[in-house]
Each structure stands twice: as structure tokens, then as C-alpha cells.
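An overview of the molecular structure
Here's the letter readout for the chains.
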Amino acid sequence: MESFREGKVPYLHCLNCKRNFFYPRDRCPNCHSSSLEVRVSSGKGKVFSVTEFQGKVYAIIEMEEGFRLYANVLDKVEIGEEVIAVKGDGRPNFKRVSKP
Ligand SMILES: [Zn+2]
């Protein structure tokens, strides 16, 4: 079994409306509450949209906790593919989850 160098993906959970969204914000974009809690994602998500620019792959990833973020993907991926966060510089990168 392959072991992943998992990147940490922090996100915010609103204690008022229970929505999850990407870090950093100081108020909930849904209900404007400031009762927010930082949580750490599993790192698993699916490609929501993908763009290639100068040989690099960028994608909007929909995380399994329900929030989306924009990130660099180390592999060529297609919409709907499963990806996982790996360590990047400053922010997480993603790579394709290899299918059995
Ligand atoms: Zn809220």
C-alpha cells in the first residue's frame, strides 16, 4: 500500500450554520457569523475544474468536507478524478489517487 506524504489542509467550520469553507476568512461567507473553528481536512477531494497553464496543472478541488479550493496538481488530471493533498511550499499541492 502506498503511503502518502499528506499535506495539511486547514479549513474553517462555522459553528452557527455548520458550513465548511476554505481558510482564511474572519467571517462566515454564508451567515456572517464570526464563530469559526479551524479544522484540518482529510486531504481528499475531487477535481471540480482543471486548467493547464505553462505546463502546470491547476484545479479547483472539491474537498470531501464540502469546501472548494484552488491548487496546483502535480499530475495531469481530469474532472471528477480523486486527488489527495501533499506537502507543497506554503500551501498544499495535490496529486492523483492511484486506482487499485
Ligand atoms: Zn455560518
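Just so you know, these numbers come straight off a predicted model, no measurement behind them.

What follows is about the overall build of the protein chain. Counting its regular elements, the protein chain contains 0 helices and 8 strands. Shown N-terminal to C-terminal, the secondary structure of the protein chain runs as helices and strands in the order β-β-β-β-β-β-β-β. In terms of overall dimensions, the protein chain is globule-like: its C-alpha atoms have a radius of gyration of 14 Å, near the 13 Å expected for 100 residues. Along the first, second and third principal axes, the C-alpha atoms of the protein chain reach 40 × 30 × 25 Å. Residues counted as buried form 31% of the 100 residues belonging to the protein chain. Excluding contacts between residues fewer than 6 apart, the proportion of contacts in the protein chain whose partners are at least 24 apart in sequence is 37%. With an accessible surface of roughly 6700 Å², the protein chain has 48% of that area assigned to carbon and sulfur atoms.

Scoring rules and cut-offs
- Residues numbered from 1 in each chain as written.
- Predicted model: local features only at pLDDT ≥ 70, side-chain atom pairs only at ≥ 80, totals over all residues.
- Heavy atoms only, no water.
- Helix = DSSP H or I, 4+ residues; strand = E, 2+ residues; numbered from the N terminus.
- Rg over C-alpha atoms; globule rule 2.2 N^0.38 Å.
- Buried < 20%, exposed > 50% of the residue type's maximum accessible area, 1.4 Å probe, protein only.
- Contact = heavy atoms within 4.5 Å.
- Areas by Shrake-Rupley, 256 points an atom, 1.4 Å probe, with all protein chains shown as cover.

Purely geometric numbers; function is a separate question.
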